[in-house]
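Tertiary structure, described
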Amino acid sequence: MPETSGDVTIVRREYSHPDAVRLIAELQDLYTRIYGSPAAIALYRSAGYSDIPHYGYYADNPDTVSLARKLRADPEDSPG
């Protein structure tokens, strides 16, 4: 149960059996594949994100989608 004091909330970690953790991860992955990914990926791509090579922990995962977008400085925001 989270502990709240003013603006601060503390959430404590609990031990879960490894099989339960694995099952939850698989269910989240399945849900994402069925309901979440296509719309989210389309939204990012429509906002100017493009595919990049996978990296890090997900580099060898064939189900991974890695996207990036170049940022540009707004001339009006630059100091000077």
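Look above for the structure.
Notes on the structure follow. The model shown is predicted, which means the values in this text are computed figures rather than measured ones.

This part takes up the side chain of T64. Along the chain, the position of T64 falls in the loop between strand 3 (50-51) and strand 4 (67-68). Taking the relative accessible area as the measure of exposure, T64 reaches 16% and is therefore buried. Once you skip the residues sitting within four places of it in the chain, T64 turns out to touch H54 and Y58.

Glancing now at the packing of aromatic side chains. For any pair of aromatic rings, the description rests on two quantities: the centre-to-centre distance and the angle between the ring planes. By the definition in use, this model includes two aromatic pairs. Between Y44 and Y49 the ring centres are 5.0 Å apart and the planes differ by 85°, which places this aromatic pair in the edge-to-face class. Residue class for Y44 comes out partly exposed when judged on its relative accessible area of 42%. Of the residues examined, Y49 reaches a relative accessible area of 27% and is grouped as partly exposed.

A grouping of L23, L27 and L30 is seen on the molecular surface, where their side chains present a nonpolar patch of about 290 Å² in accessible area. Position of L30 among the secondary structure elements: in helix 1 (residues 18-46). Its relative accessible area of 45% is what places L30 among the partly exposed residues.

Turning next to the side chain of S66. Looking at the element boundaries, S66 is found in the loop between strand 3 and strand 4. In this structure S66 comes out as buried when scored by relative accessible area, which is 8%. Among the polar contacts listed, one links the side chain of S66 to the side chain of H54, at a separation of 2.9 Å. Apart from residues no more than four positions distant in its own chain, S66 is found in contact with S50, D51, I52, P53 and H54.

What follows concerns the pattern of salt bridges. Within this structure, the stated rule accounts for two salt bridges. Put simply, D19 and R22 hold a salt bridge, and the shortest N to O gap is 2.8 Å. Placement of the pair is D19 and R22 together in helix 1, with a separation of three residues, close to one helical turn. Taking the relative accessible area as the measure of exposure, D19 reaches 45% and is therefore partly exposed.

Basis of the calculations
Residues numbered from 1 in each chain as written. Predicted model: local features only at pLDDT ≥ 70, side-chain atom pairs only at ≥ 80, totals over all residues. Heavy atoms only, no water. Helix = DSSP H or I, 4+ residues; strand = E, 2+ residues; numbered from the N terminus. Buried < 20%, exposed > 50% of the residue type's maximum accessible area, 1.4 Å probe, protein only. Contact = heavy atoms within 4.5 Å. Phe/Tyr/Trp six-rings, centres within 6.5 Å; stacked < 30°, edge-to-face > 60°. Patch = residues over 30% accessible without salt bridge, like charges linked within 9 Å, V, L, I, M, F, W, Y side chains within 5 Å. Areas by Shrake-Rupley, 256 points an atom, 1.4 Å probe, with all protein chains shown as cover. Salt bridge = Lys/Arg side-chain N within 4 Å of Asp/Glu carboxyl O. Polar contact = N/O pair within 3.5 Å; in protein donor to acceptor, adjacent residues only side chain to side chain.

Keep in mind that these numbers describe shape and distance, not what the molecule does.
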